[in-house]
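Chain residues, written in single-letter form:
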Number of protein chains: 6
Amino acid sequence: MRIDGREADRIRPLSITTSFTKYAEGSVLIEVGETKVICTASVEERVPPFMKGQGRGWVTAEYSMLPRATQVRNQREAVRGKLGGRTMEIQRLIGRALRSVVDLQALGERTLTLDCDVIQADGGTRTTSITGAFVAMAMAVNKIYEQHNLKAFPITDFLASVSAGVVNGQPCLDLNYEEDSKAKVDMNIVMTGSGQFVEIQGTGEESPFSRDELNQLLALAEQGITQMMERQKEVLGPIAERIEGRANAARK
Amino acid sequence: MRIDGREADRIRPLSITTSFTKYAEGSVLIEVGETKVICTASVEERVPPFMKGQGRGWVTAEYSMLPRATQVRNQREAVRGKLGGRTMEIQRLIGRALRSVVDLQALGERTLTLDCDVIQADGGTRTTSITGAFVAMAMAVNKIYEQHNLKAFPITDFLASVSAGVVNGQPCLDLNYEEDSKAKVDMNIVMTGSGQFVEIQGTGEESPFSRDELNQLLALAEQGITQMMERQKEVLGPIAERIEGRANAARK
Amino acid sequence: MRIDGREADRIRPLSITTSFTKYAEGSVLIEVGETKVICTASVEERVPPFMKGQGRGWVTAEYSMLPRATQVRNQREAVRGKLGGRTMEIQRLIGRALRSVVDLQALGERTLTLDCDVIQADGGTRTTSITGAFVAMAMAVNKIYEQHNLKAFPITDFLASVSAGVVNGQPCLDLNYEEDSKAKVDMNIVMTGSGQFVEIQGTGEESPFSRDELNQLLALAEQGITQMMERQKEVLGPIAERIEGRANAARK
Amino acid sequence: MRIDGREADRIRPLSITTSFTKYAEGSVLIEVGETKVICTASVEERVPPFMKGQGRGWVTAEYSMLPRATQVRNQREAVRGKLGGRTMEIQRLIGRALRSVVDLQALGERTLTLDCDVIQADGGTRTTSITGAFVAMAMAVNKIYEQHNLKAFPITDFLASVSAGVVNGQPCLDLNYEEDSKAKVDMNIVMTGSGQFVEIQGTGEESPFSRDELNQLLALAEQGITQMMERQKEVLGPIAERIEGRANAARK
Amino acid sequence: MRIDGREADRIRPLSITTSFTKYAEGSVLIEVGETKVICTASVEERVPPFMKGQGRGWVTAEYSMLPRATQVRNQREAVRGKLGGRTMEIQRLIGRALRSVVDLQALGERTLTLDCDVIQADGGTRTTSITGAFVAMAMAVNKIYEQHNLKAFPITDFLASVSAGVVNGQPCLDLNYEEDSKAKVDMNIVMTGSGQFVEIQGTGEESPFSRDELNQLLALAEQGITQMMERQKEVLGPIAERIEGRANAARK
Amino acid sequence: MRIDGREADRIRPLSITTSFTKYAEGSVLIEVGETKVICTASVEERVPPFMKGQGRGWVTAEYSMLPRATQVRNQREAVRGKLGGRTMEIQRLIGRALRSVVDLQALGERTLTLDCDVIQADGGTRTTSITGAFVAMAMAVNKIYEQHNLKAFPITDFLASVSAGVVNGQPCLDLNYEEDSKAKVDMNIVMTGSGQFVEIQGTGEESPFSRDELNQLLALAEQGITQMMERQKEVLGPIAERIEGRANAARK
């Protein structure tokens, strides 16, 4: 039995509020337990200099935490004058993961910027950001798709992410902060709707782990991600069908 | 008649949600029309080096906008590696204004940091931040007051802020973004519960203004601030009485 | 009676030395009491990227203090690697104030940069900078006007600035450093030759102020600014007449 | 058959030159094919402030590439004024991996800094850095162990790292730069001498991967790491026996 | 005959105005031809951390140019966020040169900071800074000497500096900007009152130079420095005698 | 007799390994005693903006030390976020010295960047960098010369550098670190193959020096540089003849 009463293979309550802010082309507030992240998708009709003239788009992400998203206040990175290593690592991961399900050719010479701003952090902020940013991105892409009459819907599959770890010798799904700080092994997994891996990051700084433990954690993650995608499909409604269409075509 | 149907002397709908996030000692979501700001108050049991050993506390503020709080996405200041002039100006104003109603001696050697993070910006973000941060600060100060059995309640009066400006030749209260960008004169006023001025900042870059116009804008501001303080008192409940107590004592 | 023997409504001795350095298109050394500022105006035949192709000019200002302009040496901002909040606030104010009396259309696609370098600081450095920079700017604009045969003289009115504050309960004009550090209310006012306000910045961090006090301070400022403009007109000579001409035309 | 004639399950020629520079407590030049990295271990008799007084040591790593380690010259990070995201990500990985086999208690209040400077980059610079830094660290730790008569040898197991990826549909071990830039899946694995995982980082940005592919890549990595550790043991000689001793004790 | 009518072995008109600003412990305006530099000496009763507890003092220098000290406006280093290489090189030179004539033991645990701010630049700003800073330093050191009753006067000899170069094939003393930009060889020399060299920096980027040319330039420099020291002695008056006393004692 | 047994007029053992790394157009490892520097020359087919369209090339240099090139580990400049003054001074010197023997017109609109990375520092790193960078540059220039069929070989003469100083009252050539830290006078000299000076930098911070001492140090340097050039010619082989050709033509 876990701290918050969950069983080992259960994710925390998941809520996705769409159109949380009004200016962004896509915007959600995602809540996984007490972790809350605002994800917005912004569209620009141009690509970074190194991609100009290739007819392809780009997807990038930025991640930040409000100073008091955590138990103890953190100094703002804008005040320190630079992004920390953890922030860079996370935003590179988010961008890479999202790009894996975008057909950059179909997107055309446009840049999507996904901003993931954590307003409350209780573990799993990077996986929650990916799951939420996917929804914001899908909404923004749908607007482009409709306004510009794109030939193909540029999102090729669903994408969600969850953490898993070994807590008190027990493989557990979706760790909260308290569990995370006690975990011996810590894993973040990103998967597509087709059940394939996009990212696997497993760390055993406190104690290395075996092939067996790895397999158990991956199995838990697969369960959690399936549940998350159901919720994504509900809130996306007809947009989900467009993604499904492309994914099915690819699977054949 | 104004763009959004308001009369010249009316503020926009005001909502203050307390305890919006769970870790901060004080936390509110304040909404003034479509402008939305998360204000948190964090307490540290120490003061900056230059104040050490004087037995007095300190109050400081930081202000930031999410990149897509606005119609067009702004680059993060953490990415640019420095705070912009506008940000610095605003956070200096917020800190100065809040300190004017705090008895730093009564607070003791503690630092209050007020973080004002704008999640949606539709004009008046700095005045909204002050009005919201006051409530978050009062909540945090009340916790200190009770936990440490302070002799006097360290907040000496109410404090709120509103903007006013001349739009199409007409003095108007609480401008939204569209009005603000057309205004010839732009004024931000901060007042105490006793009806005194803490800050007056009036700018006539587009066109200078007369003593008459100044007086009309100050009168509007006074009305708006009174309405805002009523709402502050409602959400603060018994804490408001403690502030009232100190303010009355001082007025005698 | 004040520390330096002045009456409450008197400014300190004012001296403006034109052509203080030889390369700048306009250059003055302004001395208000013991406060000394070098103001230079530099002309570039281009505007910042965001204004290109609109046929309008731009005016901007930078402000700095020599490290030992003050009683205790300050670290250079170039050494710290960034501008402080106070510096940014002041240079934004100077630029905004100067632009209010420049017809950017008449100026054409040119940038005027006003550098205000304080070599000795005894209170009122920002107001002194504005008063001095106006003269340097007028000299530079006059050169452009003559060299390029502009149709209209691009400066539309005079501009000067002074501080006022409440010291020992007494409203006083043009505070020196010692008075300033004791003042309960501190006000900086910028006015045009037509007697209108361009900027009003009043701060009562130590103690809030009433409408009455505000009115007294504004009245003092108006007197001080009138005296300063007389001196500006003397040193500008025939250039003053060109400004006067435009201002009169506008007043009709 | 691969570009350089290797079979899929072979690592490139591996060479480890110890005492490559003379001042560091541990220093190696490691060459994996054409990838060359100087790894030095520096010892300081103090720990970072956040660890003071706990009686435990710290291990940290820094990673950098000479500007012309690559086909096209890269700008120095010192010139840009900040570390890039890739650098931060890699040096965090190296530090985390090394700490997993250090008994920080046995090390005592000392800091080991591992500098990994890539002088030629032909793929696998981060895995090569880990394998080389382990040797440099062991040499430095051995000096401390002997000089300070530590009770236990502070390194608890061997550690090495290798990459694997799917190139032209074929799982391959230890990719060089040309293979790496064509790989659909890219994986970096760090393992201990006991055959457990310390880090698994798999990325399928170009194309997601299946559980099957994952298993094949992990099997290849295990082979490569075993070969690397043999070489580490040869160059470490008697120091290897001390590590072996601690690892065996732990395995029982 | 040179551009400004001088003969090859003549320095430009030299003027040193002492007590140019009022707060610094030593302060001069030095003018060498059209080059004008404000030099101030600031005293702090402490030394940098690396020198603490050794009973010795420290002398350091900072150098800067006002943005419009030159024909074309330069961007402020504070705005660029870092010191340029030229600035660093010059301020290291000034500090090194001044320290060569200070008895740091006799100075005691104090830091002298020499600020050299160029308000007009017409060649030779670094050599003019050294000559001027020496006077400001002597004034500040004299105050310490008197206030703290030091046993020995801490300045051991005079110090001045001048440039020389080969212009149109002709060795010339004290180049102005126009000459400097045409010079094939450019040399900056710092000498003591005893006629010894403290710094020789000769650069032949445009064209290398012979031993003969070197000797001619050194001979010119010696003449120029002798003239400059006469002026230093005049403005220092009785302080000059104290320096002379120490220098004579050392020469014996 | 010196610490390492050398006579006063002898340089340390000199070794130049060409093609030390494989990607750069020119690359050497230069060793002067225990000082080891990797010098690479990179070619870009463009010049900096300020030189565009003039048909001339550019040569620039960057200098860095690995953190543990020295007895005590130095913090990386990339971590501190800026280049130190010493680094800037040295890389400006290297660039200036190299440009003095390059015919920028003959080079055409290309940039040569010389990276000098010190992997072990035992005195004389800047002079060693110049001597080594000259060889790397010659190799890169030779490639351009052959690939683009340039009319003239763009290197006009040989160039090498050495240090000299007064140690224990004795003028000595090519100081190692231990000697350097005891030297009263420290001199770095750069000369051409024609025996002319390109740079002379002499510093007597600890104690000023006489014309006599200067002459002795210059004579020593001339000897050392001659020996170094012999070694440069050996490793450059036929390239040396091309340089010789241009130098002889110029001497006539």
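Residues numbered from 1 in each chain as written. Chains lettered and ligands numbered in written order. Predicted model: local features only at pLDDT ≥ 70, side-chain atom pairs only at ≥ 80, totals over all residues. Heavy atoms only, no water.

Per an unreviewed UniProt entry, chain A goes by the name Ribonuclease PH and belongs to Paenibacillus gansuensis. Regarding chain A, the UniProt comment filed under Catalytic activity (unreviewed entry) reads as follows: "tRNA(n+1) + phosphate = tRNA(n) + a ribonucleoside 5'-diphosphate". (UniProt positions renumbered as here; feature names shortened; annotations may be inferred.)

Student: Would you explain the overall build of chain A in this entry?
Tutor: The helix and strand inventory of chain A stands at seven helices and nine strands. The C-alpha radius of gyration of chain A comes to 18 Å, within 12% of the 18 Å expected for a compact globule of 252 residues. Dimensions of chain A along its principal axes, counting C-alpha atoms only, are 55 × 50 × 30 Å. Relative to its full complement of 252 residues, chain A shows a buried share of 62%. Of the contacts formed within chain A by residues at least 6 apart in sequence, a portion of 71% connects residues at least 24 apart. Taken together, the 31 basic and 33 acidic charged side chains of chain A have centroids lying 5 Å from each other. (Helix = DSSP H or I, 4+ residues; strand = E, 2+ residues; numbered from the N terminus. Rg over C-alpha atoms; globule rule 2.2 N^0.38 Å. Buried < 20%, exposed > 50% of the residue type's maximum accessible area, 1.4 Å probe, protein only. Contact = heavy atoms within 4.5 Å. Lys, Arg positive; Asp, Glu negative; His and termini not counted. Charge placed at Lys NZ, Arg CZ, Asp CG, Glu CD.)

Student: Would you mind showing me how to read the pattern of salt bridges here?
Tutor: Oppositely charged side chains can form a pair if their charged atoms are brought close together. Per the stated rule, a full pass over the model turns up 133 salt bridges over all chains. One salt bridge in this structure joins Glu25(B) and Arg68(A), with 2.6 Å as the shortest N-O distance. Of the two residues, Glu25(B) sits in the loop between β1 (14-18) and β2 (26-32) while Arg68(A) sits in the loop between β4 (58-65) and α1 (77-80), which places them in two different chains. Residue Glu25(B) is classed as partly exposed on the basis of its relative accessible area, which comes to 21%. When the shortest N-O distance is used, the salt bridge between Arg76(C) and Asp115(E) registers 2.8 Å. (Salt bridge = Lys/Arg side-chain N within 4 Å of Asp/Glu carboxyl O.)

Student: Is there a simple way to explain the arrangement of the chains in this structure?
Tutor: The two units chain C and chain D never meet; even their closest C-alpha atoms stay 11 Å apart. What separates chain B from chain F at the closest point of their C-alpha atoms is a distance of 11 Å, and the two make no contact.

Student: Help me understand the interface of chain B and chain A, please; the structure alone is not making it clear to me.
Tutor: Accessible area lost upon the coming together of the parts is a frequently used measure of interface size. Chain B puts 37 residues into the contact, and the matching count from chain A is 37 residues. Here chain B packs against chain A, burying approximately 2900 Å² in sum over the two surfaces, 53% of which is carbon and sulfur. Among the residues chain B hides against chain A, the three largest losses belong to Tyr23(B), Arg68(B) and Arg76(B). Together they make up 27% of the total. Across the contact surface, chain B and chain A share 14 salt bridges. (Buried area = accessible area lost by both parts, 1.4 Å probe.)

Student: For this particular structure, what's the right way to read the relation of the copies chain B and chain A?
Tutor: Both copies of the chain are related by a screw-like operation: a rotation about an axis and a shift along it. For the pair chain B and chain A, the relating rotation is 180°, the translation along its axis is 0.0 Å, and the fit reaches an RMSD of 0.0 Å. Overall, the copies show the geometry of a two-fold rotation axis. Proximity to the rotation axis, assessed at the C-alpha, singles out Ala78(B) in chain B; its C-alpha lies 1.8 Å from the axis. Most of the interface of chain B is mirrored in chain A, where 100% of its interface residues again form contacts. (Least-squares fit on C-alpha atoms with pLDDT ≥ 70 in both.)

Student: So what exactly am I meant to see when it comes to the side chain of Gln120(F) here?
Tutor: Mapped onto the secondary structure, Gln120(F) falls in strand β5 (residues 111-120). The class for Gln120(F) is buried, based on a relative accessible area of 2%. In terms of polar contacts, Gln120(F) uses its side chain to reach the side chain of Glu34(F), at 3.0 Å. Excluding residues within four positions of it along the chain, Gln120(F) makes contact with Thr21(D), Lys22(D), Tyr23(D), Glu34(F), Thr35(F), Lys36(F) and Ala69(F). (Polar contact = N/O pair within 3.5 Å; in protein donor to acceptor, adjacent residues only side chain to side chain.)

Student: How should I be thinking about the packing of aromatic side chains in this particular structure?
Tutor: What describes a pair of aromatic rings is the distance from one ring centre to the other and the angle between the planes of the rings. For the coordinates displayed, the defined rule picks out 24 aromatic pairs over all chains. Consider the rings of Phe134(E) and Phe158(E), whose centres lie 5.7 Å apart with planes at 50°: the pair is tilted. With a gap of 24 residues between them, Phe134(E) in helix α4 (residues 125-147) and Phe158(E) in the loop between α4 and β6 (159-167) connect regions that are remote in the sequence. In terms of burial, Phe134(E) and Phe158(E) fall into one category: buried. The ring of Phe158(B) carries Lys233(B) above its face, with NZ or CZ at 5.0 Å from the centroid. (Phe/Tyr/Trp six-rings, centres within 6.5 Å; stacked < 30°, edge-to-face > 60°. Lys NZ or Arg CZ within 6 Å of the ring centre and 35° of its normal.)

Student: I keep staring at the environment of Glu45(F) and nothing clicks. Help me out?
Tutor: Residues and elements named next belong to chain F. Here Glu45 is to be found in the loop between β3 (35-44) and β4 (58-65). Residues within four places of Glu45 in sequence aside, it is in contact with Glu109, Arg110 and His148. A polar side-chain atom of Glu45 sits 2.9 Å from a polar atom in the side chain of Arg110.

Student: It is not clear to me how the UniProt feature "domain: Exoribonuclease phosphorolytic" (unreviewed entry) in chain A should be interpreted in this structure. Could you clarify?
Tutor: All names here are of chain A. Annotation from UniProt places "domain: Exoribonuclease phosphorolytic" (unreviewed entry) at residues 11-140 and 158-223. Spanning residues 11-140, this segment combines 30% helix with 31% strand, and its end C-alpha atoms are found 27 Å apart. Structurally, residues 158-223 comprises 29% helix and 42% strand, and the distance from its first C-alpha atom to its last is 15 Å.

Student: Would you explain helix α6 (residues 211-236) of chain D in this entry?
Tutor: Three or four residues apart is the spacing at which side chains of an α-helix point the same way, because the helix has 3.6 residues per turn. Residues and elements named next belong to chain D. Between its terminal C-alpha atoms α6 stretches 37 Å, which fits the 38 Å expected from 26 residues at 1.5 Å a residue. Buried within α6 are the following residues: Glu213, Leu214, Leu217, Leu218, Leu220, Ala221, Gly224, Ile225, Met228, Met229, Gln232 and Leu236. Gly237, located one to two residues past α6, shows a positive phi value of around 55°. (Expected span 1.5 Å × (residues − 1).)

Student: What is the right way to look at helix α7 (residues 238-251) of chain F in this model?
Tutor: All names here are of chain F. Compared with an ideal rise of 1.5 Å per residue, which puts 14 residues at 20 Å, α7 spans 20 Å between its outermost C-alpha atoms and is within 8% of the ideal. Three or more residues of α7 are buried, namely Ile239, Ala240, Ile243 and Ala247. Taken down its axis, α7 places every buried residue within 100° of arc, on the same side. Structural note: α7 exposes Pro238 and Glu241 on the side pointing more than 90 degrees away from its buried face. (Arc of directions from axis to C-beta.)

Student: How do you make sense of the confidence of the model for chain A when you look at a structure like this?
Tutor: Low pLDDT marks stretches whose predicted atomic positions should not be read closely. Confidence in the prediction for chain A averages 96 pLDDT; 100% of positions are at 70 or higher. We note a pTM of 0.94 for the whole complex and an ipTM of 0.95 for its interfaces. (pLDDT = per-residue confidence, 0-100.)

Student: Can you help me understand the sheet that holds strand β2 (residues 26-32) of chain C in this one?
Tutor: The strands that make up a sheet pair up through hydrogen bonds in the backbone, lying either parallel or antiparallel. All names here are of chain C. One open sheet holds the five strands; their spatial order is β1-β2-β3-β5-β4, and the pairing between them is mixed. What marks the edges here is a single partner per strand, and that holds for β1 (14-18) and β4 (58-65). Pairwise comparison of adjacent strand axes, ignoring direction, gives a mean angle of 20° for this sheet. When β4 meets strand β5 (residues 111-120), the two strands line up parallel, connected through eight bridges. (Pairing = 2+ DSSP bridges. Axes fitted to C-alpha atoms, helices over the stretch in contact; angles between N-to-C directions.)

Student: Looking at this structure, how should I read the nonpolar core?
Tutor: As a rule of thumb, soluble globular proteins bury nonpolar side chains together. Core analysis: the biggest nonpolar cluster contains 464 residues, and Met137(A), Met137(B), Met137(C), Met137(D), Met137(E) and Met137(F) have the highest contact counts within it. With near-sequence residues (within four places) excluded, Met137(E) lies in contact with Ala41(E), Val59(E), Leu98(E), Val101(E), Val102(E), Leu112(E), Leu114(E) and Ile155(E). In terms of nonpolar packing, the next biggest core, distinct from the first, is built from 18 residues, Leu83(A), Ala78(D), Leu83(F) and Met88(F) among them. (Core = buried A, V, L, I, M, F, W, Y, C linked by side-chain atoms within 4.5 Å.)

Student: I'm lost on the sheet that holds strand β6 (residues 159-167) of chain B in this one. Help?
Tutor: Taken in spatial order, the eight strands make up an open sheet running β7(B)-β6(B)-β8(B)-β9(B)-β9(C)-β8(C)-β6(C)-β7(C), and their pairing is antiparallel. Every interior strand has two partners, whereas the edge strands, β7 (170-173) of chain B together with β7 (170-173) of chain C, have only one. For this sheet, the mean inter-axis angle between neighbouring strands, taken without regard to orientation, is 15°. Sheet contacts for helix α6 (residues 211-236) of chain B: β6, β7, β8 (185-192) and β9 (197-203) of chain B together with β9 (197-203) of chain C; angle to β6(B), the most-contacted strand, approximately 140°. Together, β6 (159-167), β8 (185-192) and β9 of chain C form the strand contacts of helix α4 (residues 125-147) of chain C, whose direction differs from that of β6(C) by roughly 165°.

Student: I would appreciate a short explanation of the UniProt feature "binding site: phosphate" (unreviewed entry) in chain A in the present structure.
Tutor: Residues and elements named next belong to chain A. Within the UniProt annotation, "binding site: phosphate" (unreviewed entry) is assigned to Arg86, Gly124, Thr125 and Arg126. With the annotated positions falling across 41 residues, the maximum pairwise C-alpha distance of 13.4 Å places them together in a single cluster. Considering the arrangement of structural elements, one finds Thr125 in helix α4 (residues 125-147). When its relative accessible area of 7% is taken as the criterion, Thr125 is described as buried. Discounting chain neighbours no more than four positions away, the residues touching Thr125 are Thr35, Tyr63, Arg86 and Val118. Of the polar contacts made by the side chain of Thr125, one reaches the side chain of Tyr63; its length is 2.6 Å. Note that Arg126 resides in helix α4. Among residues more than four places away in sequence, those in contact with Arg126 are Arg86, Glu89, Ile90, Leu93, Asn188 and Gln201.

Student: When you look at the environment of Ile16(E) in this model, what are you seeing that I'm missing?
Tutor: Note that Ile16(E) resides in strand β1 (residues 14-18). Expressed as a C-alpha distance, the spacing of Ile16(E) and Glu31(E), which sit 15 residues apart in the sequence, is 6.4 Å.

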